[in-house]
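Commentary on secondary and tertiary structure
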Amino acid sequence: MATDYDAPRKTEEELSEDSIEELKSRRNDKNSGKVDEDEAEAAETFELPGADLSHEELTVRVLPRQADEFTCASCYLVKHRSQIATEKDGLFYCVDCV
Ligand SMILES: [Zn+2]
């Protein structure tokens, strides 16, 4: 009885392994050439909504802090050094916050 169960199991495993190998080789066949064209086409289609995103990025972009500027430790705004009212433990506070 036990051998009856074992026999079909083994063949099943072998079959699934075979089909996986078959799928792999089939995918490799598809990947050779055709998929690259599809991806290029997909990228082109994605350019329209992407244009809006890049526009948003420009608005949100944070400018790098200049050497003559500081970040207020209270309001976290980047201000010119002339706006420094006081310094505490290496932290700067602007005239608006003091
Ligand atoms: Zn401030």
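Just so it is clear, the model here is predicted, and its values are computed rather than measured.

Counting its regular elements, the chain contains two helices and four strands. Ordered by position from N to C terminus, the α and β elements of the chain give α-α-β-β-β-β. Taking all 98 residues of the chain together, 3% fall into the buried category.

Let's shift gears to the pairing of strand β4 (residues 91-94). In this structure, strand β3 (residues 84-88) lies alongside β4, joined through four bridges in antiparallel fashion. Among the inter-strand pairings, E87 is bridged to a residue of β4, identified as F92. Here β3 folds back onto β4 in antiparallel fashion, the turn holding two residues, of which D89 has a positive phi close to 50°.

A few words now on the confidence of the model for the chain. Mean pLDDT over the chain stands at 74; residues scoring 70 or higher make up 45%. By mean pLDDT, helix α2 (residues 34-60) is the weakest element of the chain at 60, and β4 is the strongest at 96.

It is worth spelling out unusual backbone geometry at this point. Phi is positive for Y76, close to 60°, though the residue is something other than glycine. For Y76, a count of 9 C-beta atoms within 10 Å gives the class exposed. A positive phi is found at D89, a non-glycine position, where the angle reads about 50°.

Locating A67 in the fold gives a position in the loop between α2 and β1 (69-71). Separated by 14 residues in sequence, A67 and R81 place their C-alpha atoms 8.9 Å apart.

Parameters and conventions
- Residues numbered from 1 in each chain as written.
- Predicted model: local features only at pLDDT ≥ 70, side-chain atom pairs only at ≥ 80, totals over all residues.
- Helix = DSSP H or I, 4+ residues; strand = E, 2+ residues; numbered from the N terminus.
- Buried ≥ 20, exposed ≤ 12 C-beta atoms within 10 Å, placed from the backbone.
- Pairing = 2+ DSSP bridges.
- pLDDT = per-residue confidence, 0-100.

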